[in-house]
Amino acid sequence: MPKRKAVTETLPPPAALGFSMPAEWERHEATWLIWPHNPVDWPDKVDTVRWVYGEIVRKVCPGEIVRILVNSRADEKLARRYLARAGADLSRVEFILHPTNRGWTRDTGPIFVKRMGGIVGRASRRPSKRPALRFSTTGETPGRAGETPDPLPGETAIVHFHFNAWAKHDDWQKDRRVPETAAALLGKRLFNAECDGKDFVIEGGGIEVNGRGTLLTTEQCYLDPKIQVRNPGLGRREIEETLQRYLGVTNVCWLAAGPVGDDTHGHIDDICRFVNPKTLVLIKETNRKDANYRPLAENWERIQDLRLEDGSRPEVVPLPMPVPLYFAGNRLPASYANFYITNAAVLVPTFNDPNDRVALGTLAELFKDRPVIGLHAVDLVVGRGTVHCLTQQQPA
């Protein structure tokens, strides 16, 4: 696949051109992953986690391409070996050479928007005939605004939200360049997210959309004035307006906080998810003695007042919580809400817990058009995230 030139757009922003962020259940061209390599993410468990990646890729491949960022040719060779032994269809996998700091593609990978209207393309179910992608971040420099024609219906583009390691860690410089690499590789417009002349920071795990105009997030993640502050000096109004400009949403709704152990400080994808344009699942802790009971109960209070973009109330379905999981004495943010919707299936983290069956049954009743599959995530959650945190969808 030839390397093309990314076009960095400044004005007007995506929403003004008719772009918006599609819902996750809408048709994908591909799923993006980062091959696990940093032992800080999964202490003493990186090898085990690679086998879990094999299972993820095996389940995703029947419905769409899988694009995997690798640090080196040696990592690509290693990944091929694991994936082949796991039974994944390697003809549906494309490898992209791009060094990364961490492995959380939901937050570092390209966040796509799509221009609505017209005939929307559909991802092919046939095996990919293209060779493995090989792209170096030392390639072409993104071009100037105005070098591409007006957007067409169905066109997709990428918004660069300037990842900064959750305003918590120092190793983010390689990860921040992933959207640039993706835009250059695919020949997509690259919109630079700004507010008041400064880079605007969000992560994919911190937002949830229904593809019709409503976006969910949490005050804990983006409005806390002291802890992991992504955008110093910006308040609710500025954040909402920026999300509207760059993601094409019209309605931003705020829940309170997430479960204990979440080192992102309140990502919505561990809390509340859309399963269709008018239905949400929301995690619920029933044990009053559990540390999660009060913050999650506040979300249930707030959801009663939530309205969708058309003013209607969503249907809200409870998802249970597993019993607490710990690693090295620290509580882990295990949550069934961290599922990922692919073209071929819905992948749901499971935790060797009696509530696994309840969560899978609940989601199977809600997703009638594709199977709901459990994915063993006890090792994944040691890294404080599971299947949704690892993936990023590219709409068709």
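Refer to the structure presented above.
These numbers come from a predicted model, not from an experiment.

This part is about the nonpolar core. In this structure, Ile68 and Phe339 are the most contacted members of the largest nonpolar core, which totals 73 residues. Of all the elements, helix 1 (residues 46-60) adds the most residues to this core, at seven residues. Of all hydrophobic cores here, the second largest spans 25 residues; its members include Ile111, Val113, Leu247 and Trp254.

In this section: the pairing of strand 7 (residues 156-160). Among the five residues that make up strand 7, five are buried, leaving the element largely enclosed by the rest of the structure. Neither face of strand 7 is left uncovered, since the one carrying Thr156, Ile158 and His160 and the one carrying Ala157 and Val159 both have all their residues buried. Across four bridges, strand 6 (residues 111-115) lies against strand 7 in antiparallel orientation. Directly across from valine 113, in strand 7, lies its bridge partner alanine 157. Sheet topology note: the strand 7/strand 8 (residues 189-192) ladder contains three bridges and is parallel. Across the sheet, residue valine 159 finds its bridge partner in strand 8, namely phenylalanine 191.

Okay, the layout of surface pockets next. Roughly 240 Å³ of internal volume is contained in the largest pocket. Lining the largest pocket are 20 residues, with Asp41, Asp263, Val382, Gly383 and Arg384 sitting closest to its centre. Of the residues assigned to the lining of the largest pocket, the class counts are seven nonpolar, five polar and eight charged.

Moving on, we come to the packing of helix 1 against helix 2 (residues 73-86). Running from N to C, helix 1 and helix 2 point in directions that differ by 60°, and their axes come no closer than 9 Å. Here helix 2 runs oblique to helix 1, going by the angle between their axes. For the crossing formed where helix 1 meets helix 2, the hand is right-handed. Along the contact surface, helix 1 presents Asp47, Arg50, Trp51, Tyr53, Gly54, Val57 and Arg58, while helix 2 presents Leu78, Tyr82, Leu83, Arg85 and Ala86. By residue class, the composition of the contact of helix 1 with helix 2 is seven nonpolar, one polar and four charged.

One pass over the full model with this rule turns up ten aromatic pairs. Note on phenylalanine 163 and tryptophan 166: the rings are 5.0 Å apart at their centroids and 90° apart in plane angle, and the pair reads as edge-to-face. Accessibility expressed as a relative area gives 4% for phenylalanine 163, which makes it buried. Where phenylalanine 339 meets phenylalanine 367, the ring centres are 6.0 Å apart and the plane angle is 75°; that geometry is what we call edge-to-face. Separated by 28 residues along the polypeptide, phenylalanine 339 in the loop between strand 18 (330-331) and strand 19 (340-341) and phenylalanine 367 in the loop between helix 9 (355-366) and strand 21 (372-376) bring together distant segments of the chain.

What follows deals with the side chain of threonine 391. Checked against the element boundaries, threonine 391 lands in the loop between helix 10 (387-390) and strand 22 (392-395). Overall, the relative accessible area of 0% leaves threonine 391 in the buried class. Polar side-chain contacts of threonine 391 include one of 3.0 Å to the backbone oxygen of valine 387. There is a polar contact of 3.3 Å between the side chain of threonine 391 and the backbone oxygen of histidine 388.

Moving on, we come to unusual backbone geometry. In this structure, tryptophan 166 takes a positive phi of about 60° despite not being glycine. Locating tryptophan 166 in the fold gives a position in the loop between strand 7 and helix 4 (173-176). The buried category is assigned to tryptophan 166, whose relative accessible area is 4%. If you check the backbone angles, asparagine 352 has positive phi at about 55° while not being a glycine. Relative to the elements of secondary structure, asparagine 352 occurs in the loop between strand 20 (346-350) and helix 9.

Another point: helix 1. If you check helix 1, its first and last C-alpha atoms are 21 Å apart, about what 15 residues at 1.5 Å a residue would give, namely 21 Å. Buried within helix 1 are the following residues: Val46, Val49, Arg50, Val52, Tyr53, Gly54, Ile56, Val57 and Val60.

Strand order in this open sheet of three strands is 11-12-13, and the pairing throughout is mixed. Either end of the sheet is taken by a strand with one partner, and the two such strands are strand 11 (208-209) and strand 13 (251-255). By the bridge criterion, five bridges tie strand 12 (residues 214-218) to strand 13 in an arrangement that is parallel. By the bridge assignment for strand 13, leucine 216 is matched with cysteine 253. Where helix 7 (residues 236-247) meets the sheet, it contacts strand 12 and strand 13, and its direction lies at approximately 130° from that of strand 13.

Reading the values: the criteria
- Residues numbered from 1 in each chain as written.
- Predicted model: local features only at pLDDT ≥ 70, side-chain atom pairs only at ≥ 80, totals over all residues.
- Heavy atoms only, no water.
- Core = buried A, V, L, I, M, F, W, Y, C linked by side-chain atoms within 4.5 Å.
- Buried < 20%, exposed > 50% of the residue type's maximum accessible area, 1.4 Å probe, protein only.
- Helix = DSSP H or I, 4+ residues; strand = E, 2+ residues; numbered from the N terminus.
- Pairing = 2+ DSSP bridges.
- 1 Å grid on protein atoms, 1.4 Å probe; cavity = no way out; pocket = protein on both sides within 12 Å on 5 of 7 lines; lining within 4 Å.
- Points joined across faces, edges and corners; volume = space filled by probe spheres on them.
- Nonpolar A, V, L, I, M, F, W, Y, C, P; charged D, E, K, R; others polar.
- Axes fitted to C-alpha atoms, helices over the stretch in contact; angles between N-to-C directions.
- Parallel < 35°, antiparallel > 145°, perpendicular 65-115°, else oblique.
- Left-handed = near helix turned anticlockwise from the far one by under 90°.
- Contact = heavy atoms within 4.5 Å.
- Phe/Tyr/Trp six-rings, centres within 6.5 Å; stacked < 30°, edge-to-face > 60°.
- Polar contact = N/O pair within 3.5 Å; in protein donor to acceptor, adjacent residues only side chain to side chain.
- Expected span 1.5 Å × (residues − 1).

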